[in-house]
Amino acid sequence: MPIGVVLPRDADDVAAALGVCREHEAPILARGGGTSLAGQCCNVAVVLDFSKYMNRIVSIDPERRLAVVEPGVVLDRLQEAARPYGLAFGPDPATHAFCTVGGMIGNDACGVHSLVAGRTSQSVEELEILTYRGIRTRVAAGGEGLPPELRDRLLGLREGVADLVRSRYPRIPRRVSGYSLDELLPERGFHVARALVGSEGTCAVLLGARVRLEPSPRSRALVVAGYPEICLAADASPLALEHGPIGLEALDGAIVEGIRGRARAAAPALLPGGHAWLLVEFGGDTDAEASERARTLIAALGRRPDAPATRLFEDPAEQRRIWEIRESAVGLSARAPNGRDRLGGWEDAAVPPERLGDYLRDFTSLLEGFGYTGVLYGHFGEGCVHTRLDFDLASAPGIAAYRRFVEAAADLVVSYGGSLSGEHGDGQARAELLPRMFGEELVAAFREFKTIWDPDGKLNPGKVVDPLRLDEQLRLGAGYASARPRTHFPFAEDDGSFGRAVLRCVGAGKCRKTDTGTMCPSYMVTRDELHSTRGRARLLFEMLKGDQLRGGWHDRHVREALELCLSCKSCKSECPAGVDMAAYKAEFLSHYYARRPRPPQQYAVGLIFRWARLASRAPRLANRVARLAKTGVGVAPQRELPAFAPETFRTWFARRPPPAAAAGERVLLWPDTFTNYFAPERGRAAVTALEAAGFRVEIPSRVLCCGRPLYDCGMLSTAKRQLRRVVSELREEIRAGTTVVGLEPSCTAVFRDELPALFPHDEDSRRLSAQTLSFAELLATRSWEPPQLGGRAIVHGHCHQKALWGMDADVTVLSALGLEVELLDSGCCGMAGGFGFQRDHLDLSIACGERVLLPAVRAAPADTLVVADGFSCCEQVEQTTRRRCLHTAEVVAHAFEQPPYDLARVL
Ligand SMILES: Cc1cc2nc3c(=O)[nH]c(=O)nc-3n(C[C@H](O)[C@H](O)[C@H](O)COP(=O)(O)OP(=O)(O)OC[C@H]3O[C@@H](n4cnc5c(N)ncnc54)[C@H](O)[C@@H]3O)c2cc1C
Ligand code: SF4
Ligand code: SF4
């Protein structure tokens, strides 16, 4: 737990914060994205978080291929700025979308392309630093800019250990362990800046960096080769290297197993047969050149006796999907099929690439000896192997075994001439083992190096030198007691334990990405860890642990962190570890409000099905009352409340003339509360469209509601009652196998997700879940004659739909109408049911929408259709842009009706 957190806006803020810390002798931890894996970005210290404000790209000089950046800039932002010049920052860790350049410098990070780009140290030209004692200076090659005293002491250190450094440092590309004293050698140009790279915030605080950019290949081709097991893939790596790839990675079957069956995960089906895969990427000036190189390798692999199954990926979108599997490996492999957690702790050793196959055979024997299982993957082109293993770090014998294992594994790596860390750094997890790799004399030199910069030992203490033990301050530890509070959700996939569920988060930080996808809308806007999925998971963990957060289910800090969670479910599919914060929030709120009154808006929104039913008796009067009550229930004055329709969908359905008897499939259309009472035109359109497509449409005979808004407020007892009623009322239809067609994605999501989650052992609930299709899914999976509408449509997907069943069917159906369809990467619209109507949420809600969706709608030509199936998504669009927003059913219905209406009309 940090002492406090400072969010500096500029170097003067950093200096001021340091001044205060000096006065109080407080230790300091500089931090970027906090994605480190060896414990180097956690400390009982004042945290300087550079990611929120000190993230500017100061300049890019395309002529000299240099960029000057602040430490908090996310790598992908730098890449975007460099791309127009055909340049890129070479090192590319898997966390590129959310790790910072400062953190990369702290860890000497590198990634898939380190074969050509090297480690971060090779791209650093100059650093601007501040020491704990307040020396602010620039450091570069030749020791330029250094105060003479520091310079002399560094030269003196070099003098004493130069020969030892030359003889003892492993000659491998991925030596990340230890300080980079080799950079001080005369043959390296006494590069003081590069010597500081990888020092994990223990020597100086970084204020800015001048880094080199490299031309990036215009075209890429990816070969994937499948092997029966990972050691054989490692044996083939030297041959692959001979063909000059720009990336050479490996994955084992356990990772791919981890994603099979996940609703919206990258497609393992793309991989060729096998249980382990080599991913070999080639670059070129043209597509043909890159592909030609790839084909030459495929031919060479095919000539070997152990010829693998191979597949060539030339399409960048498909290549991206393969890389997504690789980049999500940490999260995807976090839990074994047997339910045990797979942990870091020994995860990135590197050996000479040509000895990798033999090393892996010895390493797997070592694992067997300890009875550990896990996943193996990594940067095989440079001999770096990632593992996540099922260590037991919650019992004294388990922790003792862990210690014996890492000591033996360290000796094994050293016997191969390797490095304990080939990527993630030493932090606390490996620092204690450094004498085994470097010997005591070099470790003493590391201590001296640290003392030259930080004589008070206040910068990230206990890491790299004079370390805390590798088995102390563990997240769980021998005293950990797994909390199993009574909950509404059974958390069946988490061993029935809410405590296990919140442990899913491995801290990887993908929820801090801001450019694409939907997770996590509140972080995308606030850029505040408190409002990230990770921050929330962390607070729930602390709440259950109870030593730092003592309020249990009533803790206001947790309440505050969950306040801006839009319950969008995006984490459920986009978080590689499957953190399901919407469910955790609903569970938390149900306990938080168990014995206290809720704010009025929760009763207004959560119980909307009751109010709407009442209102339907006198909708005009109800609309007047609602307008008057708006402020009292916390609705923002800028928001217009959706109006109750003069006639409900059910009333229309009951009074319409009976349709001509259709011989087609009989389906049960679900008249959700929003469609029935607020937007019956969507229901009418669905009936028109489905009947025109040949279906027999019926609706449930009784008024029912799935209870969607109840989850957002945590009214789970009521929600469960509602669902029991639904299942009971629909029992005959369910057992007859009737397809239930949902129009509102969030209601369809209740049947798909909450229903089986709450009643995992109820057969009818499982049936209903499996028999529920969205409107577009029904049409996309049945044969019908689509009428031709033509024109263009931009489509925004509801978060719940994107998280659970995706947008493929919608695109298929709209395209079948002859529309040119653009699916927006628009994330969350920001409305999220009743969330965006609330006064306290208005700014966040609008900011979410203004990220991509609303500008895209405004920029769309007037004759372009704006399509969104979510009722609240359409409210957001219509209230902020005055453009009409349509449900897919409305578009299909209008296509059937000739001539079609002016669908794109402005409101
Ligand atoms: C899923 C996953 C995949 C990963 N894949 C890779 C990979 O492919 N390659 C790789 O190299 N790493 C990888 N990592 C580790 C990590 O993401 C990288 O090392 C990353 O560069 C760290 O950046 P960050 O912004 O998160 O830094 P942080 O974790 O915040 O900090 C890293 C270190 O730098 C120091 N630091 C940060 N800012 C400053 C500053 N301003 N001044 C002084 N010191 C500072 C910190 O004290 C800390 O010691 C992975 C991690 C995860 C979770
Ligand atoms: S919530 Fe998921 S994406 Fe975010 S840090 Fe945790 S594991 Fe990673
Ligand atoms: S449900 Fe949505 S808003 Fe909430 S934590 Fe997950 S991604 Fe973020």
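Our subject is the structure listed above.
Draft legend 1. Spatial organisation of the overall build of the protein chain. When its secondary structure is counted, the protein chain shows 39 helices and 23 strands. A globule of 907 residues ought to have a C-alpha radius of gyration of about 29 Å, and the protein chain, at 29 Å, matches this closely. The C-alpha extent of the protein chain, read off along each of the three principal axes, is 95 × 65 × 55 Å. A burial count over the protein chain gives 60% of its 907 residues as buried. Looking at the protein chain alone, contacts between residues at least 24 apart form 74% of all its contacts between residues at least 6 apart. As presented, the protein chain carries roughly 34,300 Å² of accessible surface, and 51% of it is formed by carbon and sulfur atoms. Looking at the protein chain, you have 111 positive and 114 negative side-chain charges, and the mean spots of the two groups are 7 Å apart.

Draft legend 2. Region of interest: the site of ligand 2. Surrounding ligand 2, one finds 14 residues, the nearest of these being C505, A508, G509, C511 and C575. Comparing atom positions with the cavity grids shows ligand 2 to sit within the largest cavity. Taken together, the residues that form the shell around ligand 2 break down as nine nonpolar, three polar and two charged.

Draft legend 3. Quick peek at the site of ligand 1. As a matter of local geometry, ligand 1 sits amid 35 residues, with A30, G32, T35, S36 and C110 nearest to it. Between A30 and ligand 1, the recorded distance is 2.6 Å, taken from a backbone N or O atom to an oxygen atom. In this structure, an oxygen atom belonging to ligand 1 sits 2.7 Å away from a main-chain N or O atom of G33. At the level of elements, β2 (28-31), α3 (101-107) and β9 (205-212) are the ones that each hand at least two residues to the shell around ligand 1.

Draft legend 4. Expanded view of the side chain of S532. Relative to the helices and strands, S532 resides in the loop between α17 (521-526) and α18 (533-545). Residue S532 is classed as buried on the basis of its relative accessible area of 0%. A polar atom in the side chain of S532 sits 2.9 Å from the backbone nitrogen of G535. Contacts of S532, omitting those with residues within four sequence positions, involve C511, C520 and Y523.

Draft legend 5. View of the packing of helix α29 (residues 716-729) against helix α31 (residues 745-758). Packing of α29 against α31 leaves a shortest axis separation of 11 Å and a crossing angle of 105 degrees. Regarding the angle of α29 to α31, the classification is roughly perpendicular. Contact with α29, carried on its side by K720, L723, V726 and V727, involves V750, F751, L755 and L758 of α31 and no other residues of that element. When grouped by side-chain class, the residues that make up the contact of α29 with α31 number seven nonpolar, no polar and one charged.

Draft legend 6. Quick peek at the sheet that holds strand β3 (residues 46-49). The strand order across the open sheet formed by three strands is β1-β3-β2, and the pairing between neighbours is parallel. At either end of the open sheet lies a strand with only one pairing partner, and these are β1 (4-6) and β2. For this sheet, the mean inter-axis angle between neighbouring strands, taken without regard to orientation, is 25 degrees. Strands in contact with helix α1 (residues 11-24) are β1, β2 and β3; relative to β3, the strand with the most contacts, it is inclined by about 175 degrees.

Draft legend 7. Quick look at the nonpolar core. L181, W346, Y359, F405, F449 and W453 are the most contacted members of the largest nonpolar core, which has 104 residues in total. With sequence-adjacent residues up to four places away left out, L181 is seen in contact with L157, V161, V165, Y169, A445, F446 and F449. One finds C571, F609, C713 and A719 within the second-largest nonpolar core, a separate group that totals 71 residues.

Draft legend 8. A look at empty space enclosed by the protein. Taken as a whole and assessed by the stated rule, the structure comprises five cavities of 30 Å³ or more. Put simply, the largest cavity is a space of about 110 Å³. The residue makeup of the lining of the largest cavity, split by class, is nine nonpolar, three polar and two charged. The volume enclosed by the second largest cavity comes to roughly 80 Å³. Looking at the second largest cavity, it is lined by 15 residues, and the ones nearest its centre are C520, R536, C565, C568 and C571.

Draft legend 9. Up close: the environment of L389. As for its position among the elements, L389 is in strand β16 (residues 384-389). On the basis of relative accessible area, L389 is assigned to the buried category, the value being 0%. Taking the C-alpha atoms as reference points, L389 and V280, 109 residues apart in sequence, are found 25 Å from one another. Beyond its immediate sequence surroundings of up to four residues, L389 is in contact with D341, R342, L343, F363, L367, T373, G374 and F405.

Draft legend 10. Representation of the packing of aromatic side chains in the model. In total, this model carries 30 aromatic pairs according to the counting rule given. Taking the centre distance of 6.2 Å and the plane angle of 75 degrees together, the rings of F449 and W453 count as edge-to-face. Of this pair, F449 and W453 both sit in helix α15 (residues 440-453), separated by four residues, roughly a single helical turn. Take W453: its relative accessible area is 2%, and that puts it in the buried class. Taken together, the ring pairs connect Y359, F363, F370, Y372, F391, Y402, F405 and Y416 into an aromatic cluster. Its guanidinium or amino end placed over the ring of F653, R656 lies 4.5 Å from that ring's centre, counting from NZ or CZ. Against the face of W805 rests R752, its NZ or CZ located 4.8 Å from the ring centre.

Draft legend 11. Broad picture of the state of the cysteines. Under the defined criterion, the tally for this structure stands at one disulfide. Here C874 pairs with C885 through a disulfide, and the sulfurs are 2.3 Å apart. Sign of the S-S torsion, about -60 degrees for the bond between C874 and C885, identifies this disulfide as left-handed. Residue C874 is found in helix α38 (residues 871-881), and its partner C885 is found in the loop between α38 and α39 (888-896); the two are separated by eleven residues along the sequence.

Scoring rules and cut-offs
- Residues numbered from 1 in each chain as written.
- Chains lettered and ligands numbered in written order.
- Predicted model: local features only at pLDDT ≥ 70, side-chain atom pairs only at ≥ 80, totals over all residues.
- Heavy atoms only, no water.
- Helix = DSSP H or I, 4+ residues; strand = E, 2+ residues; numbered from the N terminus.
- Rg over C-alpha atoms; globule rule 2.2 N^0.38 Å.
- Buried < 20%, exposed > 50% of the residue type's maximum accessible area, 1.4 Å probe, protein only.
- Contact = heavy atoms within 4.5 Å.
- Areas by Shrake-Rupley, 256 points an atom, 1.4 Å probe, with all protein chains shown as cover.
- Lys, Arg positive; Asp, Glu negative; His and termini not counted.
- Charge placed at Lys NZ, Arg CZ, Asp CG, Glu CD.
- Near = heavy atom within 4 Å.
- 1 Å grid on protein atoms, 1.4 Å probe; cavity = no way out; pocket = protein on both sides within 12 Å on 5 of 7 lines; lining within 4 Å.
- Sits in = over half its atoms within 2 Å of the grid points.
- Nonpolar A, V, L, I, M, F, W, Y, C, P; charged D, E, K, R; others polar.
- Polar contact = N/O pair within 3.5 Å; in protein donor to acceptor, adjacent residues only side chain to side chain.
- Axes fitted to C-alpha atoms, helices over the stretch in contact; angles between N-to-C directions.
- Parallel < 35°, antiparallel > 145°, perpendicular 65-115°, else oblique.
- Pairing = 2+ DSSP bridges.
- Core = buried A, V, L, I, M, F, W, Y, C linked by side-chain atoms within 4.5 Å.
- Points joined across faces, edges and corners; volume = space filled by probe spheres on them.
- Phe/Tyr/Trp six-rings, centres within 6.5 Å; stacked < 30°, edge-to-face > 60°.
- Lys NZ or Arg CZ within 6 Å of the ring centre and 35° of its normal.
- Disulfide = S-S within 2.5 Å.

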